[in-house]
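Reading the structure
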Amino acid sequence: MAEKPFIIAQLTDPHIKAGRALAYSRVDTAHAFETAVAHVNSLTPNVDAAIVTGDLTDKGSLAEFSEVRPILDALDCPYFVIPGNHDDPANMKAAFADHGYLTGTGDFLHYAIDDYPLRLVGLDSTVAGAPHGELCAERLAWLDTLLAAEPERDTLIFVHHPPFLTGIDHMDVQNLHNADELFTVLSRHGQVRHIACGHIHRAVDTVIGGIGVSIGPNAAHAVSLDLHPAGAPSFTVEPPMVRLFRYADGRLVSHLSNVGHFDGPHPFFAEDGSLID
Ligand SMILES: [Fe+2]
């Protein structure tokens, strides 16, 4: 018998500010994030777990984490956080002190969640004081050991900084700088089904070394889709979305779910079984 599908929502880059201040004096990120959380809660079948792929806050302060925490706690499912470049990892650890998985090793907030049909591995790609991402030798060795311990467990890795170039140059300079070293580690293991990232504020997908890699869309502001070389940094308030992953029978697929109210669903077929024309 087919196993029950495991459904994961990805929320990313909410950039919540203290006092619910507008991001860039324009974007109500707190309201947008609350709406995205309510959307995830409204989905049927129910979402089993959520991953939050960094930049929970805009400046990384405890006050900002205090603002984002109750919004996330409104999720009906368990959720798992990793830091982005806008987050202070020490403040994140303090703000989520009761999240037992967030112990990390050394200075790094990385972990594995083994409670689900799909193993979830959160990485900490942050570099103190820098916007780009990197996985130092210590973090790569931790990942190598972790994957070697459970070679048969299909695994989803999530990490804030994307390990590829999107073509949006002003963001690409801040990507995961040593992506090649990450894929050298992954090439020694066969169970990683997908890598889910944040940081770019728009849905992007690629395949590297046979592994699907995607970036989650934003529920508030998107980095503008400007593929001109050296295009100017800008953002656009686009239709909000969340990414969903569905894992069943050893297959992981992803969907983009629009946040909002839309006409439908309408049936294709009449009660007599004929196609409505
Ligand atoms: Fe970021």
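Everything discussed here concerns the structure shown above.
Conventions and cut-offs
Residues numbered from 1 in each chain as written. Predicted model: local features only at pLDDT ≥ 70, side-chain atom pairs only at ≥ 80, totals over all residues. Heavy atoms only, no water. Helix = DSSP H or I, 4+ residues; strand = E, 2+ residues; numbered from the N terminus. Contact = heavy atoms within 4.5 Å. Axes fitted to C-alpha atoms, helices over the stretch in contact; angles between N-to-C directions. Parallel < 35°, antiparallel > 145°, perpendicular 65-115°, else oblique. Left-handed = near helix turned anticlockwise from the far one by under 90°. Nonpolar A, V, L, I, M, F, W, Y, C, P; charged D, E, K, R; others polar. Donors = N, O, S within 2.8 Å, 3.2 Å for Na, K, Ca; no water. Tetrahedral: all angles 85-135°; square planar, octahedral: opposite > 155°, others 65-115°. Buried < 20%, exposed > 50% of the residue type's maximum accessible area, 1.4 Å probe, protein only. Phe/Tyr/Trp six-rings, centres within 6.5 Å; stacked < 30°, edge-to-face > 60°. Patch = residues over 30% accessible without salt bridge, like charges linked within 9 Å, V, L, I, M, F, W, Y side chains within 5 Å. Areas by Shrake-Rupley, 256 points an atom, 1.4 Å probe, with all protein chains shown as cover. Salt bridge = Lys/Arg side-chain N within 4 Å of Asp/Glu carboxyl O.

1. Things to note about the environment of Gly198
Among the secondary structure elements, Gly198 is positioned in the loop between strand 7 (192-197) and strand 8 (204-208). As for Gly198 and Pro162, which are separated by 36 residues in sequence, their C-alpha atoms are 6.8 Å apart. Contacts of Gly198, omitting those with residues within four sequence positions, involve Gln10, Thr12, Asp13, Thr53, Val159, His160, Pro162 and Ile215.

2. Some points on the packing of helix 4 (residues 137-149) against helix 6 (residues 179-186)
It is at 10 Å that the axes of helix 4 and helix 6 come closest, and there the two elements cross at 20°. In terms of axis orientation, helix 4 runs roughly parallel to helix 6. Handedness of the crossing formed by helix 4 with helix 6: right-handed. For the pair helix 4 and helix 6, contact is made by Leu140, Leu143, Asp144 and Leu147 and by Glu181, Leu182, Val185 and Leu186, respectively. Among the residues making up the contact of helix 4 with helix 6, the classes are represented as six nonpolar, no polar and two charged.

3. Considerations on the coordination of the iron ion
Around the iron ion, the protein supplies Asp55 (OD), Asn85 (OD1), His160 (NE2) and His199 (ND1) as donor atoms, at distances of 2.1 to 2.2 Å. Taken together, the four donor atoms coordinating the iron ion span angles of 85 to 163° at the metal, a pattern that classifies the geometry as irregular. Positions of the donor residues of the iron ion along the chain correspond to the pattern D-x29-N-x74-H-x38-H. Pair noted here: Asp55 is in the loop between strand 2 (49-53) and helix 2 (62-73) and Asn85 is in the loop between strand 3 (79-82) and helix 3 (89-95), with a separation of 30 residues, a long-range link. Exposure class is identical for Asp55 and Asn85. Each is buried.

4. Quick look at the packing of aromatic side chains
All chains considered together, the criterion is met by eight aromatic pairs. Arranged with centres 5.1 Å apart and planes meeting at 35°, the rings of Tyr24 and Phe235 form a pair that is tilted. Here Phe235 lies in strand 11 (residues 235-236) and Tyr24 lies in the loop between strand 1 (6-11) and helix 1 (29-42), a separation of 211 residues in the sequence. Under the relative-accessibility criterion, Tyr24 is labelled partly exposed at 45%. Ring geometry for Phe80 against Tyr116: centres 6.2 Å apart, planes inclined by 75°, an arrangement best described as edge-to-face. One end of the pair, Phe80, is in strand 3; the other, Tyr116, is in the loop between strand 4 (111-113) and strand 5 (119-122), and 36 residues separate them in sequence. Across the pair, Tyr116 and Phe80 agree in class, each one buried.

5. Describing unusual backbone geometry
In this structure, the amide linkage connecting Thr44 to the following residue, Pro45, adopts the cis form with an omega of -5°. Structurally, the position occupied by Pro45 is in the loop between helix 1 and strand 2. Residues other than glycine seldom take positive phi values, yet Asp13 does so here, at roughly 55°. Of the residues examined, Asp13 reaches a relative accessible area of 0% and is grouped as buried. In this structure, Tyr24 is a non-glycine residue whose phi angle is positive, near 55°.

6. A closer look at a nonpolar patch on the surface
A cluster of nonpolar side chains, Phe268, Phe269 and Leu275, forms an exposed patch at the surface whose accessible area comes to about 390 Å². Locating Leu275 in the fold gives a position in the segment after strand 13 (251-258).

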